[in-house]
Every structure is written in structure tokens, then in C-alpha cells.
Amino acid sequence: MLKQMEGSVAVAEAVALCRPEVICAYPISPQTHIVEGLGALVKSGALEPCAFINVESEFAAMSVAIGSSATGARTYTATASQGLLFMAEAVYNASGLGLPIVMTVANRAIGAPINIWNDHSDSMSQRDSGWLQLFAESNQEALDIHIQAFKLAEELSMPVMVCMDGFILTHAYERVDIPTQEQVDGFLPPYEPRQVLDTAEPVSIGAMVGPEAFMEVRYLAHAKQTMALERIPEIAREFEASFGRAAGGLVRRYRTEDAETIVVALGSVVGTLEETIDAMREQGVKIGLLSIRSFRPFPLAAVRAALQHAERVVVLEKSFSVGLGGVVSTDVRLALSGIQLHGYTVVAGLGGRSITQASLERVLAEAVADKLEPLTFLDLDWGIVNRQLAREAAMRRSGPIAENLLRDLGTVQAKVH
Amino acid sequence: MLQIRIHGRGGQGVVTAAELLSIAAFEQGRHAQAFPSFGSERTGAPVVAFCRIDDRPIRRREPILAPDVLIVQDPTLLHQVDVFQGLQPEGYVLINSRRSFDELGLGEIADRFRHERLITVPASEIALEHLGRPLPNAVLLGGFAALSGLITIDAVAHAIDDKFKGEVAAKNIAAAREAFEVVTERLRGPSAQTPTATEESRPC
Amino acid sequence: MTQPVKFYQTGTFTVGNRLLSPDERTVQASINRNNSLNSGHRACQGCGEALGARYAVDAAMRATGGQLMAANATGCLEVFSTPYPETSWQLPWLHSLFGNAAAVGTGIAAALQVKAEKAGKARSDVRVIAQGGDGGTTDIGFGCLSGMFERNDDVLYICYDNEGYMNTGVQRSSATPPAARTATTQALGDAPGAPFGQGKNLPLIAMAHEIPYVATATVADLRDLEAKVEKAMTFHGARYLHVFVPCPLGWGSAACDTIKLARLARETGIFPVFEAENGAVTEVTKIRHRVPVEAYLRPQKRFAHLFGDPGHPETVARIQAAADRNIERFGLLDEKARP
């Protein structure tokens, strides 16, 4: 049924349609509306029986999820940013134990400086945690991927993170098609755990594993993600067959057939990039887009297949490995081993900095002309950066960086963004 | 594509106004996208929200830098925030105020745009009368429907009904309809109020 | 005229099982005990925690008719019991992390409750315990534990308190007593051993949450420990049991002195044994033969620096004062035994 609603509410409805049995909630912007929505559905009795537990921290949220998932309950939670870092130990634990928990990450920057706006630093920090990471381009896709995520998680007995851009998607009202309960029930079978705490068949879960088997356990986690490379597109096809619309999958190509330049990106910026690419195509630029929808497992073969005939690749990412450069870029480069092409990394949108079509057109034009620096920061304000560097060179006690920059900027409230 | 930017203060339902607009557009079978420019703003702080309306799916997700429509829910923002930033020459402006553009000190700015597309509405007063609270958001949408004809007042009423419940919805709808009438009347009237006031006090 | 028969073994006040009728004997005395923490695990000789856990979990198993699951914090108990592919646990058992046993217990209980409701039952027949050492309880797991208490989740949390991080090589925890030598509070300088802080009394903190049941116990009185576990299982909601478990390795005590030291901790007033319901103390185990703290401190190498030459008599006096305060506060002294 078509509805105009907020992304968070749409995700809450999608999760509810998946009949979760335990939901753990700890508030952090911009994830709050999702768990609020689910809390209301449980409280009203629409989602009975389901336990909605207000926990005392994200660490507890994931820990409760670990307990309930190991007891055979379909389990969901959501977080973002500092919350994901605060639960990090339990994030690794959940995947190490092979528990099919589904978690929404409403992507948000990590402080300091504290910043509540969108980028991908949070989920990227957990890229090696063993969780699968699926990125949504729109609210419709976020909704659809959640339904697929439960199926994928439970088939593989591995946890899945659904990443959706904080505020840009979570707080955006747009048209979504909410499936019926029958449709979801037909697609997603009841949870049949591989391992479960059961008094009839007592098992010990979570034993210490020494050097004699640890490598093998880790390899098996990798093997499962490798299997996911096959299952993710299959599940996306099954989903399309059941629901009549495409969502998910490993990657999505946009106008890449004859493209000399291909932009690689993930998440909601893909929409603005499509507009940009259409505009540049009209000017005769052979440019296309590759949207990575599954970041873990990373689809090396699909990325290679999509990019290998291009002359240059521009990875536009909302994440940044300080001291190195792009996070996604590193993986894309691995996919292109042995292929000679021009590679550029554009770091954009950190901490909610707007990514505008105008800026994208400018930076991509520079790339097409091979005049771009290998690592570029979109719309970086060099003025305030250089002033701070000068300040630090001039005196030892130059003071706190963030506060200095804000003082240089003056009142920002008077601008629109 | 129609791009609308709404300025107001935390607590005035700025974000809700953008959401209502998107629902109204959806009611009319159009694609719409509403989103806030979020900060960790508290009650009273300047807030901006955006709405895009189009006949095809909306892919762009940047903030609205060059709006076709500007709605200002709180006139005290006019000299604090550059609300007119990027406004298209053909753009519409709707300001919540009992005063005219000139009385608000906007005469020079108003000259840059089409006068018949600029209007002020005493939305807080209308809201106070209907709701008992000076909440101008839904009221201004009624005014916007009249000013632009880009959405219908019925779609606005539908949207309010979708988002609110019972009495609150009914009162907001009544207030929005009154604003619709007020603006329609003023646009129809021989001395279309706002532009005239502006002309009278034009410095040249 | 009848004459009362004394069933106590000399010096222990522990009644011998042989002398009781079969239905009054301990869980461990029965061949039907579950052996929840089975033999063959790798705890040290004289491990108070292994003893306490075996009694506590078996008692919980009996109380629930075998319908029990356990969440376990990282620590000695976890490490010595599950050197996979071996496991000593004869019940569904889940180890997740060091600081989250209480929250994992909450998750298990929530899942069980939903499954019970789906099966048309008001309440799950399967009960949940969460357990850990003092580090996993009073320090790193404190937040999760307080959350579990505050929500009154249906979990019995059992803390086996051996007063330090023994698994990692005997470091100080917030349950380490003042003056005790640990690897991070060496017996050096003017004030050797752990500093005198304000302490962190978990049983009292648990009581402040006004949860249905809080109790303390020691491995010196295993029958009392069993009884408290069984009583705890008669309540629903959050329950807390704090068990005093000497650690020969960490304390530098003889393996054969574990039970003796636990008894001395109680008889000196250093470790008050009591029960509380809904935030108020309901029962106190009285001291039968009050002894000075020195009798408890001397057999432990972690306090050896207090008794050398010149030693630290002033520190011993402070510890005595703390024990005296416990005796006063909890009314530990039997009126008859008062001088």
C-alpha cells in the first residue's frame, strides 16, 4: 500500500511485518524514530507477543539481543554513531556466536567533535566485525532491505546491519509501498535457529577457542559471507518476484555501459549522483554510476566486472580513514587489482556537509579531465584549515581545534545549511 | 520540480509543515519529499525544513538552495537569518505576519520578486482563534494553497487529517481553510493588499 | 524431659547430612543432584567459586525441576568450565562477554517469555540465572546489572565474590578489600596493598533497587547457600545473590582453608550474611563465636605485610573497625554471645 511517511516509520513498519519477538531499544539520534515506532506498535498490542526492552546502553542493547537470539527469538535493534562504538564489543560477539540479529544503523558521524549528522564513519568502523552490511539508497529500499535482511541473517545464521543515512533518509518523508503481512509471511519463513538454548537439549555456547581452532572458526565466518555473495542477489530476485519491485542485491549499475568514468558510491547520495550523471551525460560526458549495496560481503567480482572497462573510477565516500584516505576506495582498488586505470577518492559529506549536485558536477568534471587530486575533500573550506595550521605553527598553546574553527566561521545559523 | 523551503523556530511545527505539504502532494498523486535541516535545536531556535514536489520519483537529496517557494513561520527571523537566500525570481513568498512586506522592512527585497506572489498572512492570530495556540504551520499551508494554486486546500485538509487526530485535526483544518479564504480574498480584491502597501512606500 | 541433641560438627556449626532425615538433606547429598557444573573442570585446588557455583546452580536446577538456563560472564568460572570441546555445564549455558551477563540474562528471559506467550502460557516455565565473578559484577558488568535490576527482569544474578580479578592474574577490583595485596596494589610503600576507599557494597546497592530478593552467602555454609538459591527461585523479577568465595591462588591461602576462611569472614563480621526482600533486611545470620579480624587476615599471604616486623597494626585496627561497623549495622552479634 502506497503511503507518504517518514523513513524511520517505514522501517519500523517493515520490521514489525517481519514479526520480531524481541526488540531492544536505546535512544540515539537519528535512530530514535525507528524504535519509538516499534515501541508504539508493541505497546498498542499490534505486535504481540513481542518483548520491547528499554535498555540502559547500546552495549546492553546488543547484549540483550545476544541472549534472546541465542534463545531462538527473532531479534532486532537499531543504533548509530557513538552507540555503535559503545556496543562494539558485543557487535563482534554477536557475529562470532553466529546469531542472526538484524540491526539498523542510522548512519551518523563519530565524534569528537560531537556531530549528530550523517556520514558512514560508524558502520565503516565495524566493517571487519563479521556482520553483513547492506546500504539503502532510499526509504523504499531501506524498508525492503530490512525484510530481506531477516531472511539472509537467519539462513546464514549471521547478523546483518542495514545501513541507512541518518536524517537524510531516517527523517525524510517520502512515498513508500508498505507490503502486506501476507506478502511478508510468504517471503520470510519463521525463524528456525541453527543453535539454541534449550532445556531439552542443553548446549554450551560461547566457549573459549584456542589456537587449534580459532582460525577455522574465523574462516567459516568468511565462508558464510562468501555464501552471502550468492544468496544476496538470489534473495533480491526472490523479493522482486514476490513484491514486484527491485531492491537490495550486491551492486546496481546506472548508465555504465559505455562509461569512461564511473563513480562508485553507497547510500542516499546515489540519488543526487544519478541527477548529476544525467546532467553530465547531456553535456556528452560518458559517465556512469556504480552503487554498492552490499558493503560486507564486499562484492569484489561484481565491482570488478562493472569497472574494468572504464578509464577512470571516482570513489565518492562518506567515510575516511585518517592517515590513509578512503575506506571504500581501498576495497574498490582491491577489486581492480592488476587493472590500470585512473583512480580518485572524493571524501564528501562528512558530519552532514551537504553534497550538492553543483559540487558533484564540478569535482567530476575535474576527474574527467584527470585534473583531480587522488584524494579530494569535497567543498573543504581551505581558509579555516589554513588559518588553523598557521595558528598551530605560530604558537604552542593554540587551543582546541574545533572551537577555533567555529570562531573563524562566525555565526553559521544565518546560512541555510 | 517544485522546491519549498520553510523557516521557523523550534516548536512552531516547521518540520511538520514540510511533512504535511508532502502528504498533500502525495494525496494529489504526486511524488514528494520532505526533510528537515536538523540540528540539535531546542524550542525557539531557527529551524529550516524542505519539501520537493514532482511528477516523477525524486532522487535529489541535497538541501533546497534555490527554492521556488518560501514560507516564513516567524517574522522575527527575517533580520536574523537570510531567509531569501537563493529564492528563484519567479518564487512565491508567504510570511506569517499582520504587517505588510514594507512594514516588515522588506520593501527592497520585495522589489526583486513578482509582487503578486508575495503575501503576508496573520497565521498566528488565525491559529490562536481556532486552536487556542499560536501554531502557524497548518494555517500557512492553507494560505500557500490560495497563493500558489500548486496544491489544493482539500489536499491540505487531507494531509492534516492524516497526521493529526480528532479535534486537533478539525481545528487545524478550519484554521487552514480560513487562511485560504483570507488569501484568496486579498488576491482577488482591487487593492491586493501586500503589493499595494509595498508600492506606496517605495523609496523612489 | 528431653534433652536437645547437638548435631553440629565441632567448630563448624554445620550439621552433618548423615544425621538428617533424607528429605532434609542438601541438594548435593542427593544422588539425584544435577551435577550442573560437572567434575573434570579445570578450577584450582580449593576453588571457592567452583564450589559455590556447583551448589548454587544445582540448587536452582532442583528448584526449577531442571528448567533452567544460564548466562555466564567472562572470568575464571567461564574459562575453567569450558575448555572446548569439553564443557562442565549440564544445562543450557551461554557465555557472551565480561560485562554483559545480566543483559544476556535479560535477553534469554525475554525470549522465553515471548515463547511462553506464543504457547498460550502466562509465564515461562524455564527460569534464568546469570552469573559472574566480582569483576564482572561490581565493575565492568555493573551498568548492565543495574539495568536488569531497575527493569525487574526475571533473572537471578549470582555473583561469586573472590575479591579480585583472579583470571587475569590477581588484580584489584572494586570488591578487593583495603590493604589486600594484588598485582596492581602491591605491598609496597607506606600504605601497602589496596587503598582504603569507600568500597562498593553490591548487596546494598541491589537492595537500593528494591528488587524482590537480595541475599549474601558463603561457601562455609553450603546448606544456607542452597536454601537461599531455592528461596530466590520462589520469586519472580530481579534477584541478587552475593556469594563469598575464597580464592587460594589470589589470596595466598592454603587450598584446604577455603571453607575456614569463608567461615572466618562471617564470624569476624567482615562479610555480613543476610537476606533482604524489596529493599529491607529480613534475616541476618548471627555470629556464633566472634573472632578478631586478625584470625581471618593472618592465614592469607595477601595480608602478610600487615603482620611482619614492624607490620601495620594501625591498618589491622582499621579493618577491625570496619568489621565492627558491619556487626553494628546488621546486628550480627547474637545477644547471647555478647560479652
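It should be emphasised that the depicted structure is a prediction, and the values quoted were computed from it without experimental measurement.

Criteria and cut-off values
- For every chain, the first residue of the written sequence is number 1, and numbering continues from 1 along that sequence.
- Each chain gets a letter, beginning with A, and each ligand a number, beginning with 1, in the order they are written.
- Only residues with pLDDT of at least 70 are given local features in this predicted model, and only at 80 or more are side-chain atom pairs given and counted; all residues enter the totals for whole chains, interfaces and linings.
- Side-chain measures here rest on the full set of heavy atoms in the structure, leaving out hydrogens and waters.
- Here a strand is any run of E in DSSP of at least two residues, a helix any run of H or I of at least four, and the numbering for each starts at the N terminus.
- In this scheme, a residue with accessible area under 20% of its type's maximum is buried, one over 50% is exposed, and one in between is partly exposed, where area comes from a 1.4 Å probe on protein chains only.
- Counted as positive: Lys and Arg. Counted as negative: Asp and Glu. His and the chain ends are not counted at all.
- Counted as salt bridges are all cases of a side-chain nitrogen of Lys or Arg within 4 Å of a carboxyl oxygen of Asp or Glu.
- Whether two residues are in contact is decided by their heavy atoms, any of which lying within 4.5 Å being enough.
- Two strands qualify as a pair provided DSSP detects at least 2 bridges between them.
- In this description, a line fitted to the C-alpha atoms serves as the axis of each element, helices being fitted only across the stretch in contact, and the angle between N-to-C directions of two axes falls anywhere from 0 to 180 degrees.
- Put simply, buried area is the surface a 1.4 Å probe can reach on two separate parts but cannot reach once they are joined, added for both.
- Polar contacts, as used here, are pairs of N or O atoms within 3.5 Å; protein pairs need one atom able to donate a hydrogen and one able to accept it. Residues neighboring in sequence count only if both atoms are side-chain atoms.
- Three categories are distinguished: nonpolar for Ala, Val, Leu, Ile, Met, Phe, Trp, Tyr, Cys and Pro, charged for Asp, Glu, Lys and Arg, and polar for the others, with Gly belonging to the last.
- Buriedness for pockets is judged along seven lines, at least five of which must meet protein on both sides within 12 Å for an open set on the 1 Å grid over protein atoms alone, while cavities are sets there where a 1.4 Å probe fits but cannot get out, and lining residues have an atom within 4 Å of a point.
- Grid points are joined across faces, edges and corners, and a volume is the space filled by probe spheres set on the points.

Participant: What's the story with the side chain of Glu78(C) in this structure? I'm lost.
Facilitator: Relative to the helices and strands, Glu78(C) is located in helix α2 (residues 76-81). No salt bridge is formed by the buried Glu78(C); the nearest opposite charge belongs to Arg42(C), separated by 12 Å. Once residues within four sequence positions are removed from consideration, Glu78(C) is found in contact with Gly206(A), Met208(A), Asn72(C), Ala73(C), Trp93(C) and His95(C).

Participant: What am I meant to see in the sheet that holds strand β16 (residues 375-377) of chain A here?
Facilitator: Working definition: the strands of a sheet are paired by backbone hydrogen bonds and lie parallel or antiparallel to each other. Residue and element names in this part refer to chain A. The strand order across the open sheet built from six strands is β10-β12-β11-β14-β15-β16, with neighbouring strands paired in mixed fashion. Among the strands making up the open sheet, the edge pair consists of β10 (251-254) and β16. Shown here is a sheet whose adjacent strand axes are inclined to one another by a mean of 20 degrees, direction ignored. The pairing of strand β11 (residues 261-265) with strand β12 (residues 287-292) spans five bridges and is parallel. For Ala 265, the partnering residue across the bridge sits in β12 and is Ser 291. Each of β10, β11, β12 and β14 (312-317) touches helix α10 (residues 269-282); the most contacted strand, β12, lies at about 165 degrees to it.

Participant: Would you take a moment to explain the interface of chain A and chain C for this structure?
Facilitator: Accessible area lost during the coming together of the parts is what is often quoted as the interface size. Facing the 35 residues of chain A at the interface are 37 residues of chain C. Interface area, chain A with chain C, both sides summed: about 2,800 Å², of which 65% is carbon and sulfur. In this structure, the connection of chain A to chain C is made through three salt bridges. A salt bridge links Glu21(A) to Lys115(C); the nearest nitrogen and oxygen atoms lie 3.7 Å apart. The interface formed by chain A and chain C contains 12 residue pairs in polar contact (both at pLDDT 80 or more). Sorting the residues of the side of chain A that touches chain C by element identifies β3 (51-54), α3 (58-70), α5 (88-96) and β9 (204-205) of chain A as the ones contributing at least two each. It is α3(A) that provides the largest number of residues to the side of chain A that touches chain C, a total of eight residues. Its residues assigned to classes, the side of chain A that touches chain C shows 20 nonpolar, 10 polar and five charged.

Participant: What is the right way to read the interface of chain A and chain B from this model?
Facilitator: Tallying the contact residues gives 33 residues for chain A and 34 residues for chain B. Buried area between chain A and chain B, summed over both chains or domains, comes out near 2,700 Å², and the portion from carbon and sulfur atoms is 51%. Inspection of the chain A/chain B interface yields six salt bridges. The partner of Glu274(A) in a salt bridge is Arg59(B), and the shortest N-O contact between them spans 2.9 Å. Put simply, chain A and chain B have 15 residue pairs in polar contact (both at pLDDT 80 or more) between them. Elements represented by at least two residues in the side of chain A that touches chain B include exactly β1 (2-6), β8 (173-177) and α10 of chain A. Sorting elements by how many residues they give to the side of chain A that touches chain B places α10(A) first, with five residues. Class assignment for the residues of the side of chain A that touches chain B results in 12 nonpolar, 12 polar and nine charged.

Participant: Just to check I follow, could you spell out empty space enclosed by the protein for this structure?
Facilitator: Once rolled over the atoms, a probe with the size of a water molecule shows which space is left empty. All names here are of chain A. For the coordinates displayed, the defined rule picks out one cavity of 30 Å³ or more. Roughly 70 Å³ of volume is contained in the largest cavity. Contributing elements (two or more residues each) for the lining of the largest cavity: α7 (139-156) and α9 (214-243). Looking at the lining of the largest cavity, its residues break down into six nonpolar, three polar and one charged.

Such coordinate-based values are descriptive only and should not be taken to indicate function.
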